[in-house]
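# Analysis of the macromolecular model
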Amino acid sequence: MLYTLREAFARKVFLFFMIISGLILLTEIVIFSMVDTEKIIVSLNSTGDPLMRGQIIEKIELAVYSFITSLLLLLAIFASASFVPNMLEKGTVDLFLSKPISRSQLLLGKYFGGLLVVFINISFLILGMWLLVSFKFSYWDFSFLSTILFIVFTFAVLYSLLVFFGVLTQGSTAGMMIAYFIYIILSPLLAQAYIQIDVWTENKIYIYLVKGLYYIVPKTAELLGTDAINVVTGAGIDDYQPIITSFLFLILMLGFSIVLFRKKDF
Amino acid sequence: MNAIEIIGLTKIYFSSGGRKKVEALKDVSFEVATGSIFGLLGPNGAGKTTLIKIILGITHPTTGTAMLLNTSIDNYFIRRKIGYLPENHKYPTYLTGVEVLKYFGQLAGAEPNSLKKKTDELLELVKLSNWKKNKIKTYSKGMMQRLGLAQALINDPEIIFLDEPTDGVDPIGRKEIRDILADLKAQGKTIFLNSHLLSEVELVTDRIAILNKGVLLKIGSVTELTEKKEEYKISVDAENLIEEIASSGRSFHLKPQKINGGYSINVSGDEELNLFIDFLRSKNYLIKEIVPLKSSLEDLFINIVNESEKGMK
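Below you will find a few notes about this structure. Along each chain, residue indices are assigned from 1 in the same order as the chain's sequence is written. The naming scheme follows written order: chains are lettered A onward, ligands numbered 1 onward. The predicted origin of the model limits local features to residues at a pLDDT of at least 70 and limits the giving and counting of side-chain atom pairs to 80 or more, whereas totals for whole chains, interfaces and linings rest on all residues. Side-chain metrics in this entry use all non-hydrogen atoms of the structure; hydrogen atoms and water are not considered.

### Focus on the nonpolar core
Each nonpolar core is a collection of buried residues, namely Ala, Val, Leu, Ile, Met, Phe, Trp, Tyr and Cys, held together in the definition by side-chain atoms within 4.5 Å. Each residue is assigned to one of three classes by its accessible area relative to the maximum for its type, calculated with a 1.4 Å probe on protein chains only: buried under 20%, partly exposed between the two thresholds, exposed over 50%. The biggest cluster of nonpolar side chains holds 144 residues, and the ones touching the most others in it are Ile 4, Leu 51, Phe 161 and Phe 192 of chain B. In this text, helices come from DSSP runs of H or I with a minimum length of four residues, and strands from runs of E with a minimum of two, each type numbered from the N-terminal end. Ranked by the residues each element gives to this core, the list is headed by helix H8 (residues 146-169) of chain A, at 16 residues. Once you skip the residues sitting within four places of it in the chain, Ile 4 of chain B turns out to touch Phe 30, Glu 31, Val 32, Ile 55, Met 67, Leu 68, Ile 159, Phe 161 and Phe 192 of chain B. Core analysis: the next-biggest nonpolar cluster, separate from the first, contains 16 residues, Leu 241, Leu 254, Leu 273 and Leu 280 of chain B among them. Here, two residues are considered to be in contact whenever any of their heavy atoms come within 4.5 Å of each other.

Below, the structure written as structure tokens:
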């Protein structure tokens, strides 16, 4: 696991993340120094209600969060997609498999190593953003930090898919394409379709198909959208289904990956 | 005692459609004695690497199994006692020589307390001490091969599998590797060598096996296999031996042929050899030397492979 961290350092994954994170934080600093944020808050909160002030700051935090989440996940998928295929390269895989380690351990080591890399990088940026906002408004809302868990969990689900396709194809392209497709198109589309399908059609087959697909596909849209926002705003998670079904998807993907890896000849 | 036992190994590869199949190994069985150097020979595509990969758990057999130190290869813990230098090995290029040994030593279950000492010793042994802190992307092919050998020895293994260990190594380096192998043998280690360089195999191995198209064609010691049965070189002080035999009226089946410093003869058995010696002594010829003739490993290899190719057609 720790050598995946080392690999990430060597492949400049950390440097790349740090530069992007640094640029985002710098942009935030510049905006905060140019805009009189206090004036904006006062104009939005004419009554001066301190509770309302907190809600406005939370909304500012969430606006920044929404902006960077997509970027962070796209980068995380891109940076970690090659971890497993690199291990499976001809000449490298022989060295690993001839050691007294089970194939499951090897694969899970790579999985959790990749997760650790992304956790460190995402924590750095979210923590940086949170500190900036908190200092600027003298408003310390720790619930915002829970977004780290939501982003890392969403990444963990998509990363299990990358691992599976990494083992299956011994390359990173197929996994990346499918992960991006789910994250950018399929999950938001299914989240909407799940609610609207009864209005859109009366055909039971389509309805079952869409709803069935909705439960199978990881719910990245809900995880990073409503669930994360509800936790930050203190509303709490009202429906655990997206978390549970996404977690089951993760377990299934890792399970399939391990079975496939154990059976495969190299 | 045997360090390696191969029991009826068969490996069939199926094409993606499942229609075409390639039999990479066909019911291969043999043993390798503890403390010996064993050479596996065969042309490209013979199944040598597949065999090693099955033994090490990199590829799964279709049928059959193998035992390492009396333990089934299915038990991956046995690999704590195994070292492996694969052909065309590829280490993470961002690591230094020391880091490669440390990393793979940890994976191989090397004793953590002695790992640093062992790393230094092995780098010294393969003459890479001066390069140990350099990134391996700066290493030459020969240096990578020597690092690979050190990596295969990092966990102080009892059996060492070497797939083309001298590939890309210069003649001096090859000699050094041969010396290392001899030292390892003296320490009681078992070495399984897979090499195309027949002259080198001949120099270091105790026993060899020849594999072609997945079939085990021959197995035995180099001396046994290269000895030309009932063919001897006799060095004798005689100018006209061939004529003498013809005029003697003796019914020898042998047909002496002049070779440098003597005659080569084929006899039909030990009895005829002794009769021929009696004949030479009766003629007062001075017998200087009688040596069984040997073919080179290369000749043997080519003959056996060609014969098997004809047999398969």
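### With respect to the sheet that holds strand E9 (residues 207-212) of chain B
All names here are of chain B. Only strands joined by at least two bridges in the DSSP assignment are considered to pair. The strand order across the open sheet formed by six strands is E6-E7-E8-E3-E9-E10, and the pairing between neighbours is mixed. Since the sheet does not close on itself, it has two edges, and those belong to strand E6 (82-85) and strand E10 (215-221), each with one partner. The sheet shows a mean angle of 15 degrees between the axes of neighbouring strands, taken without regard to direction. By the bridge criterion, five bridges tie strand E7 (residues 159-163) to strand E8 (residues 190-194) in an arrangement that is parallel. Paired with Asp 163 across the bridge in E8 is Asn 194. Structural elements are reduced to axes, namely lines fitted to C-alpha atoms, with helices fitted over the stretch in contact, and the angle between N-to-C directions of any two is expressed from 0 to 180 degrees. In this fold helix H1 (residues 48-55) packs onto strand E3 (37-41), E6, E7, E8 and E9, with an angle of close to 145 degrees to the strand it touches most, E8. Lying over the sheet, helix H5 (residues 171-186) contacts E3, E7 and E8, oriented at roughly 145 degrees with respect to E8.

### Overview of the pairing of E9 of chain B
Residues and elements named next belong to chain B. The element E9 is extensively covered by neighbouring structure, given that five of its six residues are classed as buried. Where E3 lies against E9, four bridges are found, and the strand directions are parallel. Bridge pairing in E9 links Leu 40 to Ala 209. As judged from the six bridges shared by E9 and E10, these two strands associate in the antiparallel manner. The residue of E10 that forms the bridge with Leu 211 is Leu 216. As consecutive antiparallel partners, E9 and E10 are separated by two residues, and within that stretch Lys 213 has a phi angle of approximately 50 degrees, a positive value.

### Remarks on the packing of helix H9 (residues 173-200) of chain A against helix H11 (residues 220-232) of chain A
Residues and elements named next belong to chain A. Running from N to C, H9 and H11 cross one another at 75 degrees; their axes reach a closest spacing of 7 Å. It follows from the interaxial angle that H9 and H11 lie roughly perpendicular. Contacts from Ile 182, Tyr 183, Ser 187, Pro 188 and Ala 191 in H9 reach Thr 220, Ala 221, Glu 222 and Leu 224 in H11. Any angle from 65 to 115 degrees is called roughly perpendicular, while one under 35 is roughly parallel, one over 145 is roughly antiparallel, and all others are oblique.

### A closer look at the packing of aromatic side chains
Two aromatic rings, drawn from Phe, Tyr or Trp (for Trp, its six-membered ring), form a pair once their centres lie within 6.5 Å of each other, and the interplanar angle then sorts them: stacked below 30 degrees, edge-to-face above 60, tilted otherwise. This structure, assessed with the given rule, holds 25 aromatic pairs over all chains. Summarising the aromatic geometry, the rings of Trp 130 of chain A and Trp 140 of chain A are spaced 5.4 Å apart at their centres and angled 75 degrees between planes, so their arrangement reads as edge-to-face. Taken together, the positions of Trp 130 of chain A in helix H7 (residues 103-137) and Trp 140 of chain A in the loop between H7 and H8 put the pair ten residues apart, joining distant regions of the chain. Centre to centre, the rings of Tyr 91 of chain B and Phe 104 of chain B are 5.4 Å apart; their planes meet at 70 degrees, and the pair counts as edge-to-face. In this pair, Tyr 91 of chain B sits in the loop between E6 and helix H2 (97-107) while Phe 104 of chain B sits in helix H2, placing the two residues 13 residues apart along the sequence. With a relative accessible area of 4%, Tyr 91 of chain B lands in the buried category. Here the aromatic residues Phe 96 of chain A together with Tyr 91, Tyr 103 and Phe 104 of chain B are joined through ring pairs into a cluster of three or more. Only when the NZ of Lys or the CZ of Arg is both within 6 Å of the ring centre and within 35 degrees of the ring normal is a charge said to sit over the ring. The ring of Phe 261 of chain A has Arg 103 of chain A lying over it, and the distance from NZ or CZ to the ring centre is 5.8 Å.

### Regarding the interface of chain A and chain B
The interface of chain A with chain B comprises 24 residues on the first partner and 28 residues on the second. Defined in terms of a 1.4 Å probe, buried area is the accessible area two parts forfeit on being brought together, summed over both. Summed over both partners, the interface of chain A with chain B comes to about 2500 Å²; 56% of that surface belongs to carbon and sulfur atoms. For this analysis, a salt bridge means a side-chain nitrogen from Lys or Arg found within 4 Å of a carboxyl oxygen belonging to Asp or Glu. For the pair chain A and chain B, the interface holds three salt bridges. A salt bridge links Lys 90 of chain B to Glu 89 of chain A; the nearest nitrogen and oxygen atoms lie 2.2 Å apart. Residues adjacent in sequence count toward polar contacts only when both atoms are side-chain atoms; beyond that, a polar contact is any pair of N or O atoms within 3.5 Å, and within protein one must be able to donate a hydrogen and the other to accept it. Across the contact surface, chain A and chain B share 15 residue pairs in polar contact (both at pLDDT 80 or more). Per-class residue counts for the side of chain A that touches chain B are eight nonpolar, five polar and eleven charged. Classification convention: Asp, Glu, Lys, Arg as charged; Ala, Val, Leu, Ile, Met, Phe, Trp, Tyr, Cys, Pro as nonpolar; all other residues, Gly among them, as polar.

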